[in-house]
Number of protein chains: 2
Amino acid sequence: MYTVTFQLSEAEPVSISVNPGENLLEVARKANVAIDAPCSGNGSCGKCRVRLVSGFLDSPISRHITSEEYDAGWRLACCSKVVGDAVVEVPDIATAYRSRMKIADLDSPEEIAIFENLRKAMMDAGISFHSDLSFLPLELSEPTLDDTMPDNERLLRAVEAATGCPYENIIMPYSVLRDLSWVLRESEWKVKCVISKDLDRIQIRDVLPADNTDPIMGFALDLGTTSLAGLLVDLETGKILAKASGGNGQIRYGADVINRIIESDKLGGRRRLQDAVVKESIIPMLAQMYQSAHVNPRRIYRMVLAGNTTMNHLLLGLHADPIRMEPFVPSFFQTNYIYVRDIGLKMNPLAELIVAPNIGSYVGGDITAGAFASMIWNSPELSLFIDLGTNGELVFGNNEFLMSCACSAGPAFEGGDISCGMRATDGAIEACTIDKETMEPTLTVVGGGVPVGICGSGIIDIIAELFRCGIINGKGKLVREGRRVRHDEHGMGSFVLAFQEDTGGVKDVVINEVDIDNFIRAKGAIFSATTTMLSSLGFDPSVIERVYVAGGIGSGINMKNAVTIGMFPDISLDHFHYIGNSSQTGAYAMLLSSEAKAKVEELGRSMTYLELSNEPGYMDEFVAACFLPHTDASLFPSVEVD
Amino acid sequence: MYTVTFQLSEAEPVSISVNPGENLLEVARKANVAIDAPCSGNGSCGKCRVRLVSGFLDSPISRHITSEEYDAGWRLACCSKVVGDAVVEVPDIATAYRSRMKIADLDSPEEIAIFENLRKAMMDAGISFHSDLSFLPLELSEPTLDDTMPDNERLLRAVEAATGCPYENIIMPYSVLRDLSWVLRESEWKVKCVISKDLDRIQIRDVLPADNTDPIMGFALDLGTTSLAGLLVDLETGKILAKASGGNGQIRYGADVINRIIESDKLGGRRRLQDAVVKESIIPMLAQMYQSAHVNPRRIYRMVLAGNTTMNHLLLGLHADPIRMEPFVPSFFQTNYIYVRDIGLKMNPLAELIVAPNIGSYVGGDITAGAFASMIWNSPELSLFIDLGTNGELVFGNNEFLMSCACSAGPAFEGGDISCGMRATDGAIEACTIDKETMEPTLTVVGGGVPVGICGSGIIDIIAELFRCGIINGKGKLVREGRRVRHDEHGMGSFVLAFQEDTGGVKDVVINEVDIDNFIRAKGAIFSATTTMLSSLGFDPSVIERVYVAGGIGSGINMKNAVTIGMFPDISLDHFHYIGNSSQTGAYAMLLSSEAKAKVEELGRSMTYLELSNEPGYMDEFVAACFLPHTDASLFPSVEVD
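Here, residues in each chain are numbered from 1, in the same order as that chain's written sequence. For naming, the first written chain is A and the first written ligand is 1, with later ones following in the order written. Given that the model is predicted, a residue must reach a pLDDT of at least 70 before its local features are reported, and side-chain atom pairs must reach 80 or more before they are shown or counted; all residues, however, enter totals for whole chains, interfaces and linings. Based on all heavy atoms of the structure, the side-chain values leave hydrogens and waters out of the count.

Caption draft 1: Layout of the interface of chain B and chain A. Taken residue by residue, the interface counts 44 residues in chain B and 44 residues in chain A. With both sides pooled, the region where chain B packs onto chain A buries about 3700 Å², and carbon together with sulfur makes up 56% of that total. Buried area, as used here, totals the accessible surface that two parts lose on assembly, with accessibility defined by a 1.4 Å probe and the loss added over both. Among the residues chain B hides against chain A, the three largest losses belong to Y174, R178 and Y337 of chain B. Together they make up 18% of the total. A pairing counts as a salt bridge when a side-chain nitrogen of Lys or Arg comes within 4 Å of a carboxyl oxygen of Asp or Glu. Here R270 of chain A makes a salt bridge to D179 of chain B, at a shortest N to O gap of 2.6 Å. Here a polar contact is taken to be a pair of N or O atoms separated by no more than 3.5 Å, where protein atoms must pair a possible hydrogen donor with a possible acceptor and residues adjacent in sequence count only if both atoms sit in side chains. Between chain B and chain A we count 14 residue pairs in polar contact (both at pLDDT 80 or more) in total. Only α5 (151–163), β8 (170–171), α6 (174–186) and α8 (269–293) of chain B provide two or more residues apiece to the side of chain B that touches chain A. Helix and strand assignments follow DSSP, with helices taken as H or I runs no shorter than four residues and strands as E runs no shorter than two, numbered in order from the N terminus. Sort the elements by how many residues they give to the side of chain B that touches chain A and α6 of chain B lands first, with 7 residues. Working rule for contacts: check all heavy atoms of both residues, and any pair within 4.5 Å makes them a contact.

Caption draft 2: View of the nonpolar core. Residue types Ala, Val, Leu, Ile, Met, Phe, Trp, Tyr and Cys, when buried and joined through side-chain atoms within 4.5 Å, form a set referred to as a nonpolar core. Only protein chains enter the accessibility calculation, which uses a 1.4 Å probe; a residue is then buried when its area is under 20% of its type maximum, exposed when over 50%, and partly exposed in between. Judged by nonpolar contacts, the single largest core of 110 residues is most densely connected at L155 and I204 of chain A together with F219, L232, M347 and F372 of chain B. Element by element, the count of residues in this core is highest for α8 of chain B, at 10 residues.

Caption draft 3: Quick look at the pairing of strand β15 (residues 352–355) of chain A. Residues and elements named next belong to chain A. The alternating pattern of β15 places E352 and I354 and L353 and V355 on opposite faces, both of which are buried. A pair of strands is considered paired only if DSSP assigns at least 2 bridges between the two. The sheet contact formed by strand β14 (residues 300–307) and β15 spans 4 bridges and is parallel. From the neighbouring strand, M303 faces β15, where its bridge partner is L353.

Caption draft 4: Structural context of the relation of the copies chain B and chain A. In this comparison the copies share one frame, found by least squares on the C-alpha atoms of residues holding pLDDT of at least 70 in both. When chain B is fitted onto chain A, the two copies agree to an RMSD of 0.1 Å after a turn of 180 degrees and an axial shift of 0.0 Å. Here the two chains are linked by the operation of a two-fold rotation axis. Of every C-alpha in chain B, the one belonging to R341 of chain B sits nearest the axis of rotation, 6.2 Å from it. The residues that chain B uses at the interface reappear at the interface of chain A in 100% of cases, marking a shared surface.

Caption draft 5: Structural context of the pairing of strand β1 (residues 2–8) of chain B. Residues and elements named next belong to chain B. Pairing of β1 with strand β2 (residues 14–18), which is carried by 5 bridges, proceeds in the antiparallel orientation. Bridging from a neighbouring strand, T3 pairs with S17 of β2. Where β1 lies against strand β5 (residues 81–90), 5 bridges are found, and the strand directions are parallel. Counterpart to L8 in the pairing with β5 is V90.

Caption draft 6: Examining the packing of aromatic side chains more closely. When two rings of Phe, Tyr or Trp (its six-membered ring) have centres within 6.5 Å they constitute a pair, described as stacked for plane angles under 30 degrees, edge-to-face for angles over 60, and tilted for the intermediate range. In the structure shown here, the tally under the stated rule is 14 aromatic pairs over all chains. Taking the centre distance of 6.0 Å and the plane angle of 70 degrees together, the rings of F396 of chain B and F539 of chain B count as edge-to-face. Of the two residues, F396 of chain B sits in strand β17 (residues 392–397) while F539 of chain B sits in the loop between α14 (513–536) and β25 (546–551), which places them 143 residues apart along the sequence. Cation placement over rings: the criterion is NZ of Lys or CZ of Arg within 6 Å of the ring centroid and within 35° of the ring normal. One Lys or Arg, R75 of chain A, reaches over the ring of Y70 of chain A and ends 3.7 Å from the middle of that ring. A cation over an aromatic ring shows up here: R154 of chain B above the ring of W189 of chain B, its NZ or CZ 6.0 Å from the ring centre.

Caption draft 7: Structural view of the side chain of S264 of chain B. In this fold, S264 of chain B is placed in helix α7 (residues 257–264). Residues contacting S264 of chain B, with those up to four places away along its chain left out, are G269, R270, L273, L314 and A320 of chain B.

Caption draft 8: Region of interest: the packing of helix α11 (residues 365–374) of chain A against helix α17 (residues 594–606) of chain A. All names here are of chain A. Here, axes are lines fitted to C-alpha atoms. For helices the fit covers the stretch in contact, and angles between N-to-C directions go from 0 to 180 degrees. Running from amino to carboxyl end, α11 crosses α17 at an angle of 115 degrees, the nearest separation of the two axes being 9 Å. For α11 against α17, the interelement crossing comes out right-handed. Side by side, α11 and α17 meet where T368, A369, A371 and F372 of the first sit next to A596, K599, V600, L603 and G604 of the second. What makes a crossing left-handed is the near helix being turned counterclockwise from the far one by less than a right angle; a clockwise turn instead makes it right-handed.

Caption draft 9: Representation of the packing of α5 of chain B against α6 of chain B. All names here are of chain B. Look at α5 against α6: their axes get within 9 Å of each other, and the N-to-C directions meet at 80 degrees. As far as their axial angle goes, α6 and α5 are roughly perpendicular. Residue-level contacts link D151, N152 and L155 of α5 to L177, L180, S181, L184 and R185 of α6. Split into classes, the residues belonging to the contact of α5 with α6 amount to 4 nonpolar, 2 polar and 2 charged. Any angle between 65 and 115 degrees counts as roughly perpendicular, while under 35 counts as roughly parallel, over 145 as roughly antiparallel, and the rest as oblique. All amino acids are sorted into three groups, where Ala, Val, Leu, Ile, Met, Phe, Trp, Tyr, Cys and Pro are nonpolar, Asp, Glu, Lys and Arg are charged, and the leftover types, Gly among them, are polar.

Caption draft 10: Quick peek at unusual backbone geometry. Here the bond from L628 of chain A into P629 of chain A is cis, since omega is -15 degrees, no more than 30 degrees from zero. Its place among the elements puts P629 of chain A in the segment after α18 (618–625). Put simply, E326 of chain B and P327 of chain B share a cis peptide bond, and its omega is 5 degrees. When you line up the elements, P327 of chain B lands in the loop between α10 (321–324) and β15 (352–355). You will see that W189 of chain A, though not glycine, has its phi angle at about 70 degrees, which is positive. Tracing the chain through its elements places W189 of chain A in the loop between α6 (174–186) and β9 (190–198). Judged by its relative accessible area of 5%, W189 of chain A falls in the buried class.

Caption draft 11: Local environment of the sheet that holds strand β20 (residues 441–445) of chain A. All names here are of chain A. Strands sit in the order β20-β19-β21 across an open sheet of 3 strands; the sheet is mixed. Two strands bound the open sheet, and with one partner strand each, they are β20 and β21 (453–454). Against the sheet, helix α12 (residues 456–468) makes contact with β19 (428–434) and β21, and its axis sits at roughly 15 degrees relative to β19, the strand it touches most.

Caption draft 12: Highlighting the environment of Y339 of chain B. All names here are of chain B. Here Y339 shows up in the loop between α10 and β15. Taking relative accessible area as the criterion, Y339 reaches 26% and is therefore assigned partly exposed. Spatially, the C-alpha atom of Y339 lies 8.6 Å from that of R302, the residues being 37 residues apart in sequence. When near neighbours in sequence (up to four residues on either side) are disregarded, Y339 contacts L350, A351, E352 and L353.

Caption draft 13: Layout of the pattern of salt bridges. All names here are of chain A. For the structure on display, the rule yields 53 salt bridges over all chains. The partner of R546 in a salt bridge is E381, and the shortest N-O contact between them spans 3.1 Å. A residue pair is termed long-range when its members are at least 10 positions apart, and R546 in strand β25 (residues 546–550) and E381 in the loop between α11 and β16 (383–388) qualify at 165 residues. With relative accessibility at 25%, the residue E381 sits in the partly exposed group.

Purely geometric stuff here, so don't read any function into it on its own.
Encoded structure:
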């Protein structure tokens, strides 16, 4: 047995005994040390870099590590075997990318505008903001020797009298009965119940002293493959009490859904994947939100989950393998009677977990919730809704029909598969212009500080600008020379956006030809999915009247540049709308409004699903779209190519 | 700090650090060492005897400990203060009384007869043996690329087709969804569901491979203040798969309900009292039953609990103090929507906990279940149902009315408050005759071995025989002399039933005047309750046509002797019926039959409750009944008094 010690930047070192020959990434997982491994350890992504401080590892040279870096001790954890005692440094960048939590500024104008717009659009569509949860204040008669009715019956009779609901249709569960006697006496028989109404039944969810001031709360979770975002909401007013986002802890089991399903199918895998998201991501996020909003989690009576089909299966601890294997059958599209406690979260003991419905193995609740929030189902205009997540999902249609499809865009839009990629948090380049003459870039950095990496909207700008300036050609290859253009020993070109010596950052921020190629494939997947879906309906992209763009790519997305690189159809820029994290806003609507929840479920049942891989022309469309802007330039008349 | 070490007969010694002056019984509780303390530590019962092996204790002399015993190190734990390091032996007899479990012989003729009789009586009363739980075998179509309906919908559609229940009224909870995908594929789409029907809804409780042979099981628990008894039942056939009994672990917090309520009202007390019965009594009992019956607890879909009002409140972890304090209001009479998991038992995750209804603070579910099992509600004869537990409860009436009352008989019927008392398990004297001339007793011992103590039916016989033989007078004082009659230094007389040297037992088995007095008060409570309740209705005991006797006193009860001592009314002996543990048989009926459950609930609603303490003549009746057989001998014409 050897000993491997992991040095972490923000925690005590962790040591573990290891058998000779064990894989270092597996060892780190056993030691509960988080190392990014978006490709789940097949050596292709290069994210799992660690630095050998002392001792021995058997690690091959990799294209992701230069000779200088190798000499300095850098290794890929997934390709390293333990052959002796070793001390390994796990760099901060890895954990920062993965799990840095962010509590959003609730008062920022953009934040307010997104939810204001949603509320207005819902009102316009005639959807009211009422959930089935409400307070019921009650003043009970105190028992006497002549009136020894037991406590539960006394309360039930009072609820019956106040609501008209027949006694036998009023449900009082154990969590209410448990402290009832105490609450009634402490409050001197003046209480307020939290109740929910369901057809002819009333359920008592809580009994509180009348002077308790806690709001009735709900929790909306957008669960993405890469990142998650949560909202804590006052269900009576719609007010957002706390908002947070963070990485999905499952990422160390793979960047995409397929690798995670494979991992979950191994012995104990369902539990590991569930724990990774629940214990490592959701529970810490909730703890932060409770603290920032000063609230009691027992007053959270409902949770809405919007996530893709694989994510909601893994969160629920279900077998996900049938999603991946022909004939691609998930455990559920719609479900019911699931409770927050079933996944190990402690809110009110009766809090339901409402899952936005899936419509296929690869179009899930994030899209049904998002399509609701886009409101394209409420307009006669033919609209395209595009959710740029780890998968790209598209919905096309209007108030008469909706069709959806999914394409594997990869994590590029969220900064994955890009050597300097990162999520749109502090330090990310989110916008860029380049001077055609000097080739000098002007960068906009999230948070205003030193550039650390590039997020999705930044990559779009950079590629569009490099292309516009003739620095790269239609295939994404560097074709000009200059002080910012480099080629490595294998001939791979890269463009330096920020020199370390100029910015005082930790390293140069660059984009290389592999990054550009990855991104071109991602945007090609989106565009070819668009054209293939439209052509299955007998349409071409010119019929599209509106485009709604959603996803973590950020509000900084430059639609003109996205058209320039051939990602979105070339329609008037006025007709593009960035609607933010529509999965989250849709979940928020489902939380607040029973009618919105019913509408999302109706969308789930009525939306058709197109399996792109069954469409004959799809591969050709994809290949044609892997070019800037497209091999068929006539599709992009507005794009000037030198 | 001192160190106290407890030596236990069947476990490793336990040591604990103690502050000077701490009470030894409290110290034992902290150290989780079980010492009997039926009186909850007020020095009155003398059960908490321990032996000081070495070191120091500050303990007064007690009437419960002779000088010889004191010299040998015997002390009452509840009266001892820690004043130095000490090693204390906790005798086996204490734990044996409290918690020895017994797995009953299911094939004994008495066992079979009790349940056979109940089934026959239920059939005669037109109550069918059907619960709402049943198997539903299903063969599903396998999914294909043309039929990718998700697993849950596929199953729900099949249940809809097989039962006619509309899709939206079929409930599939998380515990079923969780492994659904795996079960369907492993079973090759041939499954059997366990379903329950409730009005217009079907709930899927389980989905098993079609070839699974587990029965649908239920658990019936009679939860007494002193002891508990459980049945594991096949709900389809009614077959009893396992049967067990044991002591209630709460006894160390007090022998009666009042002391336990007081204890439960202290900080953390609700949890302690709940843990004492759940973790120390029910869970070990279940573990034994699972082992003896070779069954999987996940296949237990329902539990019925029959216990008195305080016991069911403490088991549920509810505040019990309002039961004890004027105006005596419990948390519930009837309840619903409580699950087995709510009290920390692991059966099927959906298993309900059905609680036999209470009708007052001192007449609980044991009596409603027991009154059902007595079948007195189904006959025009005026009948008296008597449950001899730690409390005595009585129900009087017929198919037109029922009235109930409770009296505090104390634990004497179960062998408590009696110096050599014990439950009716191996070693208990359960019957006795005495030769009038020689005063020599002939004993019947449970299990046929050496007499260790005396159970309730034995005490009745002994007192009746001592009285018949003129050895004690009507006040219970010893009035003859002989080798078996002793008087101690305080003048208290006792009668030796078995000399240690004759039997080879561990000590003499005796009954003393205090025991006899305690028992006379217990029987006096029962008889005066009978006369008081009847007189409230304008009746006297001569109207009683049948007497049904239930309780842990044992099938060995000699009705003639019980009449002789003035415990039961003096009617024809043919009209007495011992119906065993009616709380348990009633719970069994509720488990197996939805109609029986509904009938018990109806009894709970319709039975009136008489609070004896509010009845003007009760105390006089009680005093008059504390005599053998009664101060008014005309009430017992069949009893010949010398």
